[in-house]
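Fold and geometry: a report
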Amino acid sequence: MGNTCDKVSMKTTSSTERQRASLEELWMSRKNNKLYNTSYPLSPDDWKKYRRAGELDFSGVRQLAFYIHIPFCRHLCPFCEYKRTTTPSKEIQQRYLSGLETDVKAFIDKYPDVELSGFDIGGGTPTALSTANFGRLMDLYKHTVQRLHLSAQYEPSIEGTFQTLTTEKTRMITAAGFRRVSLGIQSANKLVQQSNGRINPDSAFMLQTINTLRTEGVEKINIDLMYGLKGQDLPHLQNDLDLIEILSPEHVTLYEFRPNLLGVNENMSKEELYRSYNFLYKGLTALGYNSRFGQNTFSKNSTDKGLSSYLRNRMFHFMPYKGFGIAAQSMSPQGISYNIGKEGNRLDTELLLSNTFPAADCYLLPRHELLSKYLAVSAYGGFISFEVANRILKDDFGKVFDAEIRFCLDRGLMDRHKDRLRITPEGFKHYGATFSLFYKTTEQ
């Protein structure tokens, strides 16, 4: 009897060791692969077999968020991965807004009973619209939220740039009900800006704009910074920290440059990216910002996650959302879609003049692909929620991925805290390889 038990124990131990060795090999093979970051799928072709005609069905969805994409910028930064074009004439802007109005109205007419959990307007640069057209955009927002129920945690946000945000537009923003504005700086260093085709005003102009925002009633200002840009080193990042100290925004968001999404080969190594994030993390926390190592958002308020409710629900809860406008993304419990205009490197005027911006690519995804998408997005927050993963899988995430979880815990790549599996500083050095251990290539 004892010999039989010993043999079973040895077989189990041997299987566990082989499993661990396999995971170690997989992790090592991915740790320096630029494809593994916060983007998913790894290649658009990976989802070809899931493509279907038509729009996503939101029947039965009680809560969801809206996103409006304004693809216009006064200046195009070559490192930007989002669909945009130089700001067109006022007449073309008007036509684009007409298409948005048509699509928003049609969606609400079809799903009038949804509760709105968030609403972000981004781009591009929404504030690049002419004053009159920006007012029309704010009217569209007001008319939309007046028709729907709003969740208790509803907190909308709008993006802008210092160069396009006037006092009049600021007043329109607050009159519409926005109290959070996100402004992109990306880098405060002039040499880095020049090397990467970026243009920023001086710090005095930025501070004046922020003071105007606060005077007019904006309560939360977010500043976006990037690391991993061409020619960017630690002294340049110190310039970013110095500017944050001057501007003192309520929120700061860090974005890692993802060259694979632009087809660019020149980029920092994973070790250099880690050093950059670590430097900014230490600097921002020294300035009084709250964050957990491995997440990309920083907030002066320890109870505030530093995000709009649209992004909170999308990143942390994987809640459905509907995107309006060219190339906008939507997600339902069944899959993900992208509106017309996503493909190609430029936006044709004819596309901007469309009367509607329907889905061109709709993917009905199996549970394992939806889980992988959630894992990639949740990497921004530095954790995996067991509750959310269970809901997506319709299974016990802890049991399905028992070997992967034990590997991450034993190797010190993650720790377990209540409902969350959290990235550690060691795991964050190669976070893409760590989170992708939970991707699956076959349905559970």
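As shown above, the structure is provided for reference.
Model, not experiment: these values are computed from the prediction.

Attention now goes to the overall build of the protein. When its secondary structure is counted, the protein shows 16 helices and 18 strands. Whereas a compact globule of 444 residues would reach a radius of gyration of roughly 22 Å, the protein reaches 23 Å, a difference of no more than 12%. With the C-alpha coordinates of the protein rotated into their principal frame, the extents come out at 85 × 50 × 40 Å. Residue burial in the protein is summarised as follows: out of 444 residues, 56% are buried. Taking the intrachain contacts of the protein between residues at least 6 apart in sequence as the baseline, contacts between residues at least 24 apart amount to 74%. In the protein, 56 positive and 49 negative side-chain charges are present, and the distance between their average locations comes to 1 Å.

Turning to helix α8 (residues 270-286), a few remarks are in order. Note on helix geometry: an α-helix contains 3.6 residues per turn, so any two residues three or four positions apart are oriented the same way. An ideal rise of 1.5 Å per residue puts 24 Å on 17 residues; α8 measures up with 24 Å between its terminal C-alpha atoms. What α8 keeps buried is the set Lys270, Leu273, Tyr274, Ser276, Tyr277, Asn278, Leu280, Tyr281, Gly283 and Leu284. Elements in contact with the buried residues of α8: β9 (220-227), α7 (234-247), β10 (251-256), β11 (297-299) and α15 (425-428). One or two steps after α8, the chain reaches glycine 288, where phi turns positive at roughly 100°.

Side chains Gln329 and Met331 of strand β13 (residues 329-332) all project onto a buried face; the interleaved residues Ser330 and Ser332 project onto the opposite face, where all are buried too. Inspection of the sheet shows β13 paired to strand β14 (residues 335-339) by 4 bridges, in the antiparallel sense. Looking at β14, one finds that glutamine 329 is bridged to tyrosine 338. From the end of β13 to the start of β14, which pair antiparallel, there are 2 residues.

A word on the sheet that holds strand β16 (residues 383-385). Strand pairs in the sheet, formed through backbone hydrogen bonds, run parallel or antiparallel to each other. Within the open sheet, the 3 strands sit side by side as β16-β18-β17. Their pairing is antiparallel. Two strands lie at the open edges of the sheet, namely β16 and β17 (414-417), each paired on one side alone. Strand after strand, the sheet turns through a mean of 20° between neighbouring axes, direction not considered. Along the sheet, helix α12 (residues 386-393) contacts β16, β17 and β18 (420-423); its crossing angle with β16, the most-contacted strand, is approximately 55°. Relative to β17, helix α14 (residues 402-411) is tilted by about 105°, and along the sheet it contacts β17 and β18.

In this model α7 runs 20 Å from its N-terminal to its C-terminal C-alpha over 14 residues, within 8% of the 20 Å that 1.5 Å per residue would give. What α7 keeps buried is the set His236, Leu237, Asp240, Leu241, Leu243, Ile244 and Leu247. When α7 is viewed along its axis, its buried side chains cluster within an angular range of 160° and face the same direction. α7 presents Pro235 and Glu245 as exposed residues on the side facing more than 90 degrees away from its buried surface. The inward-facing, buried residues of α7 abut β8 (180-186), α5 (190-195), α6 (203-215), β9, β10 and α8. Serine 248 sits one or two residues past α7 and shows a positive phi near 50°.

As a further point, take the nonpolar core. Ranked by internal contacts, the top residues of the largest apolar core, which has 116 residues, are Ile121, Phe397 and Phe438. A total of 7 residues in this core trace back to one element, the largest contributor, which is helix α2 (residues 90-110). Those residues in contact with phenylalanine 438 that sit more than four places away from it in its chain are Leu371, Leu375, Ile384, Phe397, Phe401, Glu404, Ile405, Cys408, Met414 and Leu421.

Here we come to the side chain of aspartate 224. Inspection of the secondary structure puts aspartate 224 in strand β9. Buried within the structure, aspartate 224 lacks any salt-bridge partner; arginine 180 is the closest side chain of opposite charge, at an N-O distance of 6.6 Å. Engagement of the side chain of aspartate 224 in a polar contact is seen with the side chain of asparagine 222, the distance being 2.9 Å. Residues within four places of aspartate 224 in sequence aside, it is in contact with Ser182, Leu183, Gly184, Ile185, Gln186, Thr253 and Tyr255.

Once that is clear, we can look at the packing of α2 against helix α3 (residues 131-146). Look at α2 against α3: their axes get within 10 Å of each other, and the N-to-C directions meet at 5°. When the axes of α2 and α3 are compared, the pair comes out roughly parallel. Contacts between α2 and α3 pair Lys90, Gln93, Gln94, Leu97, Ser98, Leu100, Glu101, Val104 and Ile108 from the former with Asn133, Arg136, Leu137, Leu140 and Thr144 from the latter. Split into classes, the residues belonging to the contact of α2 with α3 amount to 6 nonpolar, 5 polar and 3 charged.

Analysis parameters
Residues numbered from 1 in each chain as written. Predicted model: local features only at pLDDT ≥ 70, side-chain atom pairs only at ≥ 80, totals over all residues. Heavy atoms only, no water. Helix = DSSP H or I, 4+ residues; strand = E, 2+ residues; numbered from the N terminus. Rg over C-alpha atoms; globule rule 2.2 N^0.38 Å. Buried < 20%, exposed > 50% of the residue type's maximum accessible area, 1.4 Å probe, protein only. Contact = heavy atoms within 4.5 Å. Lys, Arg positive; Asp, Glu negative; His and termini not counted. Charge placed at Lys NZ, Arg CZ, Asp CG, Glu CD. Expected span 1.5 Å × (residues − 1). Pairing = 2+ DSSP bridges. Axes fitted to C-alpha atoms, helices over the stretch in contact; angles between N-to-C directions. Arc of directions from axis to C-beta. Core = buried A, V, L, I, M, F, W, Y, C linked by side-chain atoms within 4.5 Å. Salt bridge = Lys/Arg side-chain N within 4 Å of Asp/Glu carboxyl O. Polar contact = N/O pair within 3.5 Å; in protein donor to acceptor, adjacent residues only side chain to side chain. Parallel < 35°, antiparallel > 145°, perpendicular 65-115°, else oblique. Nonpolar A, V, L, I, M, F, W, Y, C, P; charged D, E, K, R; others polar.

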